[in-house]
Amino acid sequence: MSLYGVPRYRISRAISTFLRSLPRRCKHTSPDKVPHVAIIGSGPAGFYTAQQLLKGHPSVRVDIFEKLPVPFGLVRFGVAPDHPEVKNVINTFTQTAEKDRCSFLGNVTIGKDITVSELQKNYTAVVLSYGADADRTLGIPGEDLPNVLSARRFVGWYNGLPEDKELPVDLSCDSAVVLGHGNVALDVARILLTPLDILKKTDISEHALASLAESRVKQVHLVGRRGPLQVAFTIKELREMVNLPECRTVINPQDVASLKELINDLPRPRKRLTDLLYRSGCEPAEKDVKRWADAVRQWNLHFCLSPQEVAASADGKGPERVKFAVNRLEGPDLVNQKAVATDAVTDITCGLVLRSIGYKSIPIDSTVPFDADKGIIPNKNSRVQGTKGLYCSGWVGRGPVGVILNTMTDGFDTGKVILKDMEEGQLETTGKQGHAEVKDILTQRGVEIVTFSDWEKINTSESEAGKKIGKPREKITDVPSMLGVVKSKPS
Ligand code: FAD
């Protein structure tokens, strides 16, 4: 017997093949089989991982946990206030957060309010994407003096990070030293030197603006261990410094003269950067020379100096100078040459020191493997070593380097790895209830969870406050006030 010419045995074989495949195909649609993923940290890594998961799976539910009541990590608290265009990624993150299958649980500190193991009990997969909340230290005498600060905390201070709002920043000195040659070093130098009228129109926090209004800092020295071919900052940030209104660029021509003959052989991004360094030191444009002649502030770029000690002022209330060893560069590969200290020393007078030598991650839960030397969670392709169902993404897994674009790729990759493990049946979905269960635990512990619509109340309140004073937003800088807005305003 046949149906439309297809033999019956073939039809029944096709039906049974289809039926056999059903449990696997529909694994994610039965309510008990819906995978729940917990993401720890609402920075770019967390949001891009969530985006990939939601796009790649028809029923997965994603919960993003964040220790602060406000989302977006370093996009809110790191990116410089005068770079608003960089913050446009928030629009994409908002679209993700507003999806039915995504929840934001703010004001929940993982490792304190709830453990990673408790999350693992309730989630198919847990993603650690909590960034790098600490900074590297120099380990030199005088590093603990008042007004010797980490650039990380200084950034937090002007960006309204609650824990840094009270940072004792004293801008009553003429001169500041910034240790480091990365983009964060240039960010902090630029904030110190930018005319107030420009900063006033950004979302810089009011307490920082008030302090900068009284600032007497006229000169910022940016000091790096290696040479002009090894700087880690990028051309956009350097160009901004060179073009900074009312500010002179000072690069010793001797430091950059030899670059001229190397420029053409360098790979493209380094080529343009090196060309600008060379021209700014040796052949500045006529318009810049004119502008710099009238400048009231200046920044100096110093190379091949390693800090040895921060010497205190006579009253001990802050730094008076930084003492440096003069380095020479060694190694055949010019761009990767190493700095080696010579016997020569020098110093720079200053009343403020900002240390910008890198961020590092910290462990948040003793059950999660952590490589203390590298300051990351050990992982292979985002899978945390030795722990099934535990993943990492972004700076906490890769180290604190790279811009949002790199973190996006990382987040997408983590999402794909989780989807693959789900597809291959590697992860447990049965009995995993996601935040239904976890919310109860948190509520019993007295944690006030902030949802994404709660955040939108904070967002509106900040935008309205900013509008009154001609700023895109005035950030709320302490957690109780954020929670106050959530409670006081109608949805
Ligand atoms: P983060 O953005 O740090 O996010 C981690 C999140 O986890 C935070 O919200 C944190 O509060 C949360 N968290 C931490 N611990 C816990 C916990 N225990 N429980 C719950 N939540 C927790 N890139 C650019 O492309 N352009 C720029 O202009 C730019 N400027 C920068 C300026 C500075 C000062 C810095 C430091 C970086 C800048 N970057 C910039 C790089 C960019 O910010 C990073 O690539 C990106 O933010 C890293 O994302 P992440 O999600 O890994 O970490």
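Residues numbered from 1 in each chain as written. Predicted model: local features only at pLDDT ≥ 70, side-chain atom pairs only at ≥ 80, totals over all residues. Heavy atoms only, no water.

## A few points about the side chain of Arg76
Mapping Arg76 onto the fold places it in helix α3 (residues 73-77). Setting aside its immediate chain neighbours within four residues, Arg76 contacts Val70, Pro71, Lys87, Asn159, Trp455, Glu462, Arg473, Lys475, Ile476 and Met482. (Helix = DSSP H or I, 4+ residues; strand = E, 2+ residues; numbered from the N terminus. Contact = heavy atoms within 4.5 Å.)

## Quick notes on the environment of Leu193
Relative to the helices and strands, Leu193 resides in helix α7 (residues 183-193). On the accessibility criterion, Leu193 (0% relative accessible area) is buried. Distance from Leu193 to Met241, taken between C-alpha atoms, is 9.1 Å for residues 48 residues apart in sequence. If we skip the residues at most four places from it in the chain, Leu193 touches Lys218, Val220, Met241, Leu244, Cys247, Arg297, Gln298 and Trp299. (Buried < 20%, exposed > 50% of the residue type's maximum accessible area, 1.4 Å probe, protein only.)

## Description of the pattern of salt bridges
Inspection of every chain in the model, using the stated rule, returns 33 salt bridges. The partner of Glu240 in a salt bridge is Arg190, with the nearest N and O atoms 3.7 Å apart. Of this pair, Glu240 sits in helix α10 (residues 235-242) while Arg190 sits in helix α7; the two residues are 50 residues apart in sequence, bridging distant segments of the chain. With a closest N to O distance of 3.6 Å, Asp454 and Lys457 form a salt bridge. Of this pair, Asp454 and Lys457 both sit in helix α17 (residues 452-468), three residues apart, roughly one helical turn. (Salt bridge = Lys/Arg side-chain N within 4 Å of Asp/Glu carboxyl O.)

## As for the site of the ligand
Close contacts around the ligand come from 31 residues, with Ala45, Glu66, Trp395, Ile404 and Thr407 the closest. Contact between the ligand and Ile110: a nitrogen atom at 3.0 Å from a main-chain N or O atom of the residue. Note that an oxygen atom of the ligand is positioned 3.0 Å from one of the backbone N or O atoms of Gly402. Elements with a contribution of two residues or more to the shell around the ligand: α2 (44-56), α3, α7 and α15 (404-423). Split by residue class, the shell around the ligand holds 16 nonpolar, 11 polar and four charged. Counting contributing residues per domain, the shell around the ligand is built from domain 1 (34-133 + 360-450) and domain 2 (137-357), each supplying no fewer than three. (Near = heavy atom within 4 Å. Polar contact = N/O pair within 3.5 Å; in protein donor to acceptor, adjacent residues only side chain to side chain. Nonpolar A, V, L, I, M, F, W, Y, C, P; charged D, E, K, R; others polar. Domains from an automatic or database assignment.)

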